[in-house]
Amino acid sequence: MNLTKSSTGDEITPLALAIHELVNRLPITMRTKNTRGVRIEEGKVIDNDYSGPILEKVLENGKISNETPNYGPYKGVPVLVVPLLENDEVIASIGVVDTTKGIYSDIMQITKRPEQFDKDNSRGEFY
């Protein structure tokens, strides 16, 4: 697979479907910098000409975003969107829609390995 900033929804569908399966079939959205992308739910492509407000925001600023959109099909539902970088340039954004009402995000935080946390020794060794 050759992913570029102009890859179409049809071209990025195999990657989006793989991610969809990895996150236990939570809805996935993905688009490239220059082309609208794909929206996947329950193992099926719902839209192959999709874009969403948080996908676009991440394409612009290149930063991970964990927020709730104010409009679109996922209005009011938390999403986690990450940029896909190539040579320090954002070429795509990929989002997971947390239809579990935050449980997915909580589990991801709870199951982090201890070495993934910054140690704060200012309050003693047991904090």
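Everything below is about the structure shown above.
Below or above, wherever it landed, is the structure these notes cover. Because the structure is predicted, anything quoted here is derived from the model rather than measured.

**Quick look at the overall build of the chain**
Then, in step 1: Across its full length, the chain holds 3 helices and 6 strands.
Then, in step 2: Going from the N terminus to the C terminus, the chain shows its helices and strands as α-β-β-β-α-β-β-β-α.
Then, in step 3: Sequence separation of 24 or more characterises 43% of the internal contacts of the chain that already satisfy a separation of 6 or more.

**A look at the pattern of salt bridges**
Then, in step 1: Within this structure, the stated rule accounts for 6 salt bridges.
Then, in step 2: Across the pair Glu41 and Arg39 runs a salt bridge whose closest N-O atoms are separated by 3.1 Å.

**Notes on helix α2 (residues 53-61)**
Then, in step 1: Buried residues of α2: Ile54, Leu55, Val58 and Leu59, and no others. The arc enclosing the buried residues of α2, seen along the axis, measures out at 145°, which places them on a common side.
Then, in step 2: Positioned one or two residues after α2, Gly62 has a phi angle of 70°, which is positive.

**Overview of the environment of Ala92**
Then, in step 1: Locating Ala92 in the fold gives a position in strand β6 (residues 89-97).
Then, in step 2: Owing to a relative accessible area of 0%, Ala92 belongs among the buried residues under this scheme.
Then, in step 3: Each C-alpha atom, one on Ala92 and one on Lys5, is 6.3 Å from the other, the two residues being 87 residues apart in sequence.
Then, in step 4: Excluding its chain neighbours within four sequence positions, the residues that come into contact with Ala92 are Arg31, Thr32, Lys33, Leu59, Val82, Pro83 and Leu84.

**Observations regarding the side chain of Ser93**
Then, in step 1: Inspection of the secondary structure puts Ser93 in strand β6.
Then, in step 2: Relative accessible area serves as the criterion here: at 0%, Ser93 is assigned to the buried category.
Then, in step 3: At 3.1 Å, the side chain of Ser93 and the backbone oxygen of Leu55 are in polar contact.
Then, in step 4: Excluding residues within four positions of it along the chain, Ser93 makes contact with Thr29, Met30, Arg31, Leu55, Val58, Leu59, Val81, Val82 and Pro83.

**A short note on the side chain of His20**
Then, in step 1: Within the fold, His20 resides in helix α1 (residues 9-22).
Then, in step 2: In terms of polar contacts, His20 uses its side chain to reach the backbone carbonyl oxygen of Leu26, at 2.7 Å.
Then, in step 3: Not counting residues within four places of it along the chain, the set of residues in contact with His20 comprises Arg25, Leu26, Pro27, Ile28, Ile40, Glu41, Glu42 and Gly43.

**Brief notes about the pairing of β6**
Then, in step 1: Across the 9 residues of β6, 8 count as buried, placing the element largely inside the fold.
Then, in step 2: Sheet topology note: the strand β1 (residues 28-32)/β6 ladder contains 5 bridges and is antiparallel. What sits directly across from Thr29, in β6, is Gly95.
Then, in step 3: Sheet topology note: the strand β5 (residues 79-86)/β6 ladder contains 8 bridges and is antiparallel. Each residue of the ladder has a partner; that of Val81, found in β6, is Gly95.

**Concerning the sheet that holds β6**
Then, in step 1: The sheet built from 6 strands is open, its strands ordered β3-β2-β1-β6-β5-β4 with antiparallel pairing. The sheet terminates laterally at β3 (44-50) and β4 (65-67), the two strands that pair on one side only. Between one strand axis and the next, the sheet turns through 15° on average, direction left out of account.
Then, in step 2: Together, β1, β2 (37-41), β3 and β6 form the strand contacts of α1, whose direction differs from that of β2 by roughly 35°.

The rules behind these values
- Residues numbered from 1 in each chain as written.
- Predicted model: local features only at pLDDT ≥ 70, side-chain atom pairs only at ≥ 80, totals over all residues.
- Heavy atoms only, no water.
- Helix = DSSP H or I, 4+ residues; strand = E, 2+ residues; numbered from the N terminus.
- Contact = heavy atoms within 4.5 Å.
- Salt bridge = Lys/Arg side-chain N within 4 Å of Asp/Glu carboxyl O.
- Buried < 20%, exposed > 50% of the residue type's maximum accessible area, 1.4 Å probe, protein only.
- Arc of directions from axis to C-beta.
- Polar contact = N/O pair within 3.5 Å; in protein donor to acceptor, adjacent residues only side chain to side chain.
- Pairing = 2+ DSSP bridges.
- Axes fitted to C-alpha atoms, helices over the stretch in contact; angles between N-to-C directions.

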